[in-house]
Amino acid sequence: MDQFKHILDTFFFAIFPYVTIFTFFMVTIQRYRSKAYTYSSLSSQFLENKQHFWGMVPFHYGIISVLLAHFIWFLVPETVLWWNSIPVRLYVMEVGMFIFGLMTFIGLLNIILRRRNNALAKIVTSKADWVVLGFLTVQVVTGLYTAYFYRWGSSWFAASLTPYLWSVIKFSPDLTYITAMPFMVKAHIVSAYSIILLFPFTRLVHALVVPNPYLWRKSQVVRWNWNRKTIRNPKNNS
Amino acid sequence: MDIRSQISMVFHLDKCIGCHTCSIACKNIWTDRKGTEYMWWNNVETKPGTGFPTRWEDQDKYKGGWELVDGELKLKSTSKSKTITNIFHNPTMPTMDDYYEPWSYKYKDLFDAPAGDDQPTAKPISMVTGDYMDIEAGPNWDDDLSGSPIYAENDINLDVLSDEQRDQLFAIERLMMFYFPRICNHCVNPSCVASCPSGALYKRGEDGIVLLDQERCRAWRSCISACPYKKTYYNWNTGKSEKCILCFPRIETGQAPACFHSCVGRIRYLGVLLYDADKIEETAKHPDHELVDAQREMILDPFDENVIREAKKNGISESTLKAAQESPVYKFVKEWGIALPPHVEYRTLPMLFYVPPMLPVMSAQEGDSVRSINEEYFPDFDKARVPIKYLASMFGGGNESHLRYVLKKQSAIRAYRRALTVGDIDVLEAEKALVEADCNPEEADKIYKLTSLCTFEDRFVIPPSHREEAIEMMKDPLEHKQEVGFGFNDSPERGM
Ligand code: HEM
Ligand code: SF4
Ligand code: SF4
């Protein structure tokens, strides 16, 4: 039994991560190079505009904030622990993140109901969309469960999961902290890897082409099919 | 000076017969695919009317175009910071209800129906869901003033009229209408381009055609709100926005765009305008009533030595300059000043200009007979059936003087032609009227010819595109020649 558990842990926490990350990079890059046309958020607002707001807005605000928090916990664990060393600050962090988690959940629920019940939204719902929504639900539910029942996530994440994630990145996965984790936490991690695996094959790629250059580009865009300063410059014709 | 060349257009509204041939020509070539059925890159509206999509001119609702805020040009619908919130849910995006649900008919039933007492019918089916549907609206539901209590009366340009003027407009004996064909204006200060977070929309440097890069579009939908003319459309099937491409593959091979080529009323003219790109922002910042003049000011004289020299420095070829000199658009817009931009107050500097309609005729019904309001042939336009104010709201940025100028000139030319051909008006008096309308017999002759007797070659002066030179910059043209046609291999498939 223990050995079986060990095999499972090794597979999900020491092998699976590499499969997903490798696939993620290979396929997203290849897809961008050969089929850039398929990179789109595939908005369905045109067809259904009433429930749309109540799904998209809470979901995206929620998930982007939560993801950002995870990144911070992962990148600067010491700072997080320092922040959390004062209880009030810890509560603010935990309650705040829980609210964002709930927002994500409510948004997700609305997205699912919209796609299930609205005839027009259904037309543009693919099987891949359902897989994505399914995994996201598992992700959010396990996340909320963990946050609620195993407090204080932001502290123990920084203390135990961050070292694990770094060990994965350094190609020497260290499962010491992982094996003892409760089922829900493990499910949360495995589901996260699965979503990374889903990225290149689904609409999730839209999150990778966030149009940040808009913030600093000039407002008008002109494309030239030739260099106008040199094309008819007599000096070039000699 | 930064001189650029722009393929520009003139539509002569007095000549439009509202046949929709242009729309069909466009539909058959470009928007006959799944997800594009509802799009009409070219559509023809009846004015007064609410248009397509319904009430597109209502910028309080759709927030299209630019506005001047403390002397700065700002997009109404979005901005760099607002994009962050609008990207998930666009609050001013028109949706299918604002256009219409496209449909076809189940024609098969006509053949398969069992013999019976009644004629079989072909029931309408939605081209989106494929289910049976009740048709509630179409793209030109208000054609020829049909349903005018719902449509024509809600025309936003009527807001400038007094209640009395409005009532008169809809009194049956004064009823008036005209057609308003629309395509993308290929603006010089396009708000669609400025709004796109991905930079998918762009203006082609060499000819000013505004295009939407299908590979770069990510369905953020900003352009749909930002274009005040509602000439970018969202393809719900591919998850990409699309727009009028001015048939650039035709233009590059010397042919007029399909809607121009097929136009039954021959209302459409196409040619090059040269303009100074350094002046774009400054021009767009003028107050509403100065915008028409400011835009004309930005357009340069292709015969001016200095302009020619600067244009050449900017890589504009001799052949393009020649086309600019022969451009019918230059004549209508700049030389004669009788073509005006639509809704110039949106500040996108549209490069499609309209010769406003003189019709409907200046007559009213009295009892059983029709009486001409003006017994003379030199009418008083303030007594016209179509209030000048209404036209000024569409074509003058609210400035009535432009409309007066155009209508006066046109009617003087008519009277002059009548004097020459029918002879019931004194020629001298007609010539006097011409001068009063800032015209002269020579110019009148030219306007008359380009309006009434114009051939294909007169209407469409298309400059060579010099694609061969463009290729030379990048690779060996002989090598390229063997590869032409193998550029874009992917079919436009919806992503997963
Ligand atoms: C980072 C910036 C992001 C932007 C700008 C963005 C934007 C969008 C947009 C515009 C849509 C289409 C909404 C519509 O139907 O109109 C969308 C849908 C969606 N996004 Fe994002 N997104 C981002 C990040 C994410 C992330 C991180 C995730 C999850 C990992 C995510 C998951 C989804 C899903 C699942 C949908 C489909 C919703 C449905 O089924 O209708 N997005 N996103
Ligand atoms: S009319 Fe054409 S160029 Fe102008 S803003 Fe609209 S889509 Fe852009
Ligand atoms: S084809 Fe010409 S005449 Fe006919 S509706 Fe179109 S623009 Fe008007």
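On a predicted model such as this, the values are computed, not experimentally measured, just so you know.

Student: I'm lost on the site of ligand 3 in this one. Help?
Tutor: Within the structure, ligand 3 sits among 14 residues, and Cys16(B), Cys19(B), His20(B), Cys22(B) and Cys263(B) are positioned closest to it. Tallied by class, the residues present in the shell around ligand 3 amount to nine nonpolar, four polar and one charged.

Student: I keep staring at the coordination of the iron atom of ligand 1 and nothing clicks. Help me out?
Tutor: All names here are of chain A. Within the first shell, the iron atom of ligand 1 binds the protein through His60 (NE2) and His206 (NE2), at distances of 1.9 to 2.0 Å. In this structure, the iron atom of ligand 1 is coordinated by six donor atoms arranged in octahedral fashion, with angles at the metal of 84 to 179 degrees. Within this pair, whereas His60 is found in helix α2 (residues 52-75), its partner His206 is found in the loop between α9 (183-198) and β1 (222-223), the two being separated by 146 residues in sequence.

Student: I keep staring at the pairing of strand β8 (residues 201-204) of chain B and nothing clicks. Help me out?
Tutor: Within a regular beta strand, the side chains point alternately toward one face of the sheet and then the other, so they alternate between its two faces. Residues of β8(B) alternate between two faces, with Leu201(B) and Lys203(B) on one and Tyr202(B) and Arg204(B) on the opposite face, all of them buried. Note: β1(A) against β8(B), two bridges, orientation parallel. Bridge assignment links Val222(A) to a residue of β8(B), and that residue is Lys203(B). Strand direction decides the pairing type here: β8(B) and strand β9 (residues 210-212) of chain B, joined by three bridges, are antiparallel. Counted as the bridge partner of Lys203(B) is Val210(B) from β9(B).

Student: What should I look at first to understand the pattern of salt bridges in this one?
Tutor: Oppositely charged side chains can pair when the atoms bearing their charge come close. One pass over the structure, following the stated rule, counts 27 salt bridges over all chains. Its salt-bridge partner being Asp9(A), residue Lys5(A) comes within 3.8 Å of it at the nearest N-O pair. With Lys5(A) and Asp9(A) both in helix α1 (residues 2-34) and four residues apart, the pair spans about one turn of that helix. Take Asp9(A): its relative accessible area is 4%, and that puts it in the buried class. For Lys409(B), the salt bridge is made with Glu443(B), and the minimal N-O distance between the two is 2.7 Å.

About the thresholds
- Residues numbered from 1 in each chain as written.
- Chains lettered and ligands numbered in written order.
- Predicted model: local features only at pLDDT ≥ 70, side-chain atom pairs only at ≥ 80, totals over all residues.
- Heavy atoms only, no water.
- Near = heavy atom within 4 Å.
- Nonpolar A, V, L, I, M, F, W, Y, C, P; charged D, E, K, R; others polar.
- Donors = N, O, S within 2.8 Å, 3.2 Å for Na, K, Ca; no water.
- Tetrahedral: all angles 85-135°; square planar, octahedral: opposite > 155°, others 65-115°.
- Helix = DSSP H or I, 4+ residues; strand = E, 2+ residues; numbered from the N terminus.
- Buried < 20%, exposed > 50% of the residue type's maximum accessible area, 1.4 Å probe, protein only.
- Pairing = 2+ DSSP bridges.
- Salt bridge = Lys/Arg side-chain N within 4 Å of Asp/Glu carboxyl O.

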